[in-house]
Amino acid sequence: MSKREIIDSRELNIALNRLCCKLIENHGDFSNSILIGLQPRGGQVLSRLVKLLEAEYGVGSIRTGLLDITFYRDDFRRRPGHLQPNKTKIEHLVEDQKVVFIDDVLYTGRSVRAAMDAILSYGRPSKMELLTLIDRRFSRDLPIQPDYKGRQVDSIASQRVEVLWEEVDGRDAVLLTEPAS
Amino acid sequence: MSELSVNHLLGIKHLTAEDIQLILDTAKEFKEVLNRPIKKVPTLRDITIANLFFENSTRTRLSFELAEKRLSADVVNFSAASSSVKKGETLVDTVNNILSMKVDMVVMRHPNPGAGEFLSQHVDASIVNAGDGAHEHPTQALLDAFSIRERLGSLEGAKVAIVGDIVHSRVALSNVLLLKKMGAEVMVCGPTTLVPKYMHTLGVRVEHNLQTAIEWCDVANMLRVQHERQDIKYFPSIAEYRAQYGLTMEHLDALEKPIVVMHPGPINRGVEITSEVADSEHAIILDQVENGVAVRMAVLYLLAEKRKLGNS
């Protein structure tokens, strides 16, 4: 197995800043918007975006949440091993609000399909959007595309794209992992 | 975390500490589901569950049925009173008939100890024991543990006194086994006639004085006096039992530290606990009922997960 860094810390930060600017263009002061990180990896992107929005762009009191999609997955009983649910934390009413799902890597689109299903248990948002830090092109199983994307990556199914965060992993980077041949 | 180590939930004695931890952790997420505006997830939409109750039950059956419906499973209910069991059909025949209708899981309550185990060896479905005679009631023990953990933060080192009719209680046995596996200290307390002699071999303290028990414990689990299982007289009178083993507000007010009061229901108000205790801030009896649905959802989810498509 080999790992190659495809996006470094500087490029990652440029992408995050660009995503912040695009969110502000569409959501203004975020008074009718809720940013929802998809568990388990979207929460890290969410907290970094919120930190930037507040510190660099002066946007205050952004409403956020975390959504776990385990119980809505379409591969229950179809894959080996155990699917452990993560914490869901939705403390704001989503009814009639603009919801932005936030995740680190968009691949098949199946998690996002599950997230759209899951959020409806909390109410009917006026709009749902998708923000992904990394968009793996040409790999979708479903007709789902991001509204905001940090970077596009071309990869094949056997490869893995992994986002590292300084707070958790010690540095910011995006790695492409090749399986052992 | 990995999957459950078992394919059926027959009793606490078959579970590892990791299994129990997995069920309780998963139940925590299901409890969140139960507090959503829409309290239903689609996870078990391709699973059919038969609830077979060969013995009367209100809350356990309702709790299982609600858990199954919250998980979107298809549910069929069967109770012995209105079935061919009355006409002499055997257990395996009854269940095989139901399984021919393509049922994946069976939740069963039965008056005979070991009925679930017997069934699991003869039919191709995941079996959940919802109480087998005076043997085990694993989901009750799991929901009690979940409720204790929610209150005290951890089961490790928690001091739990189980008070009352121990000998007829499947709740007591399952609770003792589970709490010991999770590192809690357990005491059983009751009249000598209602505490089985082998109890000390399970590594629990045996006490016959209620006052000593409640001064020692963090949690008092007050069991119901099971008149219906008592074929002979185990104590002189209800009044005598109440005087010796009934928990009152006077008991609780005199304690130096507050304790948590639990009861698996249905309560005989004024016998094992007074109405004031049952309705006081010490009691978490209704939390136990709410947690029961979440815990049963976790059990069904984790057992269903082991029935991989293609193998079931």
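Please read these numbers as outputs of a predicted model, since none were measured by experiment.

## A closer look at the overall build of chain A
Next, step 1: For chain A, the helix and strand inventory stands at 4 helices and 8 strands.
Next, step 2: Its helices and strands in sequence order give chain A the pattern β-α-β-α-β-β-α-β-β-β-α-β, from N to C terminus.
Next, step 3: The C-alpha atoms of chain A give a radius of gyration of 16 Å, which matches the 16 Å a tight globule of 181 residues would have.
Next, step 4: Counting only C-alpha atoms and orienting by the principal axes, one finds that chain A spans roughly 50 × 40 × 30 Å.
Next, step 5: Counting only residues that meet the buried cut, chain A has 50% of its 181 residues in that class.
Next, step 6: Taking the contacts inside chain A whose residues are at least 6 apart along the sequence as the reference set, 70% of them involve residues at least 24 apart.
Next, step 7: A total of about 8,600 Å² of accessible surface is found on chain A, and carbon and sulfur atoms cover 47% of it.

## Points about the packing of aromatic side chains
Next, step 1: Scanning the model with the defined rule gives 7 aromatic pairs over all chains in all.
Next, step 2: Consider the rings of Phe76 of chain A and Tyr301 of chain B, whose centres lie 5.1 Å apart with planes at 15 degrees: the pair is stacked. With Phe76 of chain A in the loop between strand E3 (63–67) and strand E4 (98–106) and Tyr301 of chain B in helix H11 (residues 285–305), this pair bridges two chains.
Next, step 3: Ring geometry for Phe30 of chain B versus Tyr301 of chain B: centroids 5.6 Å apart, planes at 70 degrees, classification edge-to-face.

## Focus on the interface of chain B and chain A
Accessible area lost on assembly of the parts is the figure often given for the size of an interface.
Next, step 1: Taken together, the 30 residues of chain B in the interface contact 21 residues of chain A.
Next, step 2: Taken together, the two surfaces of chain B and chain A that pack against each other cover about 2,200 Å², and 53% of this comes from carbon and sulfur.
Next, step 3: Taken together, the links from chain B to chain A amount to 2 salt bridges.
Next, step 4: Measuring nitrogen to oxygen at the nearest pair gives 4.0 Å for the salt bridge that ties Asp46 of chain B to Arg78 of chain A.
Next, step 5: On the surface where chain B and chain A come into contact, there are 13 residue pairs in polar contact (both at pLDDT 80 or more).
Next, step 6: In terms of residue count, helix H1 (residues 17–34) of chain B provides more of the side of chain B that touches chain A than any other element does, 8 residues in total.
Next, step 7: Partitioned by chemical class, the residues of the side of chain B that touches chain A number 14 nonpolar, 4 polar and 12 charged.

## Details of the side chain of Glu162 of chain A
Residue and element names in this part refer to chain A.
Next, step 1: With respect to the secondary-structure elements, Glu162 resides in strand E7 (residues 160–164).
Next, step 2: By relative accessible area, Glu162 is classed as buried at 18%.
Next, step 3: In terms of polar contacts, Glu162 uses its side chain to reach the side chain of Lys3, at 3.3 Å.
Next, step 4: In contact with Glu162, other than residues within four places in its own chain, are Lys3, Ala173, Val174, Leu175 and Thr177.

## Focus on the sheet that holds strand E5 (residues 127–137) of chain A
Residues and elements named next belong to chain A.
Next, step 1: Spatially, E3-E2-E4-E5-E6 is the arrangement adopted by the 5 strands of the open sheet, whose pairing is parallel. In the strand order of this sheet, the two ends are held by E3 and strand E6 (148–154), each with one partner. If you compare each strand with its neighbour and ignore which way they point, the axes differ by 25 degrees on average.
Next, step 2: The sheet contacts of helix H3 (residues 110–119) involve strand E2 (33–38), E3, E4 and E5, and relative to E4 the element is tilted by about 155 degrees.

## Focus on the nonpolar core
Next, step 1: Leu67 and Phe101 of chain A together with Phe30, Leu142, Ile162, Leu178 and Leu300 of chain B are the most contacted members of the largest nonpolar core, which totals 89 residues.
Next, step 2: The biggest single contributor to this core is H11 of chain B, with 11 residues.
Next, step 3: Apart from residues no more than four positions distant in its own chain, Phe30 of chain B is found in contact with Phe71 of chain A together with Val41, Leu71, Ala294, Met297, Ala298 and Tyr301 of chain B.

## A few points about the confidence of the model for chain B
Next, step 1: Put simply, chain B has an average pLDDT of 92, and 96% of its residues get 70 or more.
Next, step 2: Across the assembled chains, the prediction reports ipTM 0.86 with pTM 0.92.

## Regarding H3 of chain A
Every α-helix carries 3.6 residues per turn, so stepping three or four residues along brings you back to the same face.
Residues and elements named next belong to chain A.
Next, step 1: Taken together, the buried positions of H3 are Val112, Ala114, Ala115, Ala118 and Ile119. Looking straight down H3, one finds its buried side chains confined to an arc of 155 degrees; they lie on one side.
Next, step 2: Contacts from the buried residues of H3 go to E2, E3, E4 and E5.

## Details of the packing of helix H2 (residues 59–70) of chain B against H11 of chain B
Residue and element names in this part refer to chain B.
Next, step 1: Packing of H2 against H11 leaves a shortest axis separation of 8 Å and a crossing angle of 60 degrees. With respect to each other, H2 and H11 are oriented oblique. Once H2 is placed against H11, the crossing between them reads as right-handed. Between H2 and H11, the contacting residues are Thr60, Ser63, Phe64, Leu66, Ala67, Glu68 and Arg70 on the first element and Gly292, Val293, Arg296, Met297 and Leu300 on the second.
Next, step 2: Considered class by class, the residues forming the contact of H2 with H11 number 6 nonpolar, 3 polar and 3 charged.

Parameters and conventions
Residues numbered from 1 in each chain as written. Chains lettered and ligands numbered in written order. Predicted model: local features only at pLDDT ≥ 70, side-chain atom pairs only at ≥ 80, totals over all residues. Heavy atoms only, no water. Helix = DSSP H or I, 4+ residues; strand = E, 2+ residues; numbered from the N terminus. Rg over C-alpha atoms; globule rule 2.2 N^0.38 Å. Buried < 20%, exposed > 50% of the residue type's maximum accessible area, 1.4 Å probe, protein only. Contact = heavy atoms within 4.5 Å. Areas by Shrake-Rupley, 256 points an atom, 1.4 Å probe, with all protein chains shown as cover. Phe/Tyr/Trp six-rings, centres within 6.5 Å; stacked < 30°, edge-to-face > 60°. Buried area = accessible area lost by both parts, 1.4 Å probe. Salt bridge = Lys/Arg side-chain N within 4 Å of Asp/Glu carboxyl O. Polar contact = N/O pair within 3.5 Å; in protein donor to acceptor, adjacent residues only side chain to side chain. Nonpolar A, V, L, I, M, F, W, Y, C, P; charged D, E, K, R; others polar. Pairing = 2+ DSSP bridges. Axes fitted to C-alpha atoms, helices over the stretch in contact; angles between N-to-C directions. Core = buried A, V, L, I, M, F, W, Y, C linked by side-chain atoms within 4.5 Å. pLDDT = per-residue confidence, 0-100. Arc of directions from axis to C-beta. Parallel < 35°, antiparallel > 145°, perpendicular 65-115°, else oblique. Left-handed = near helix turned anticlockwise from the far one by under 90°.

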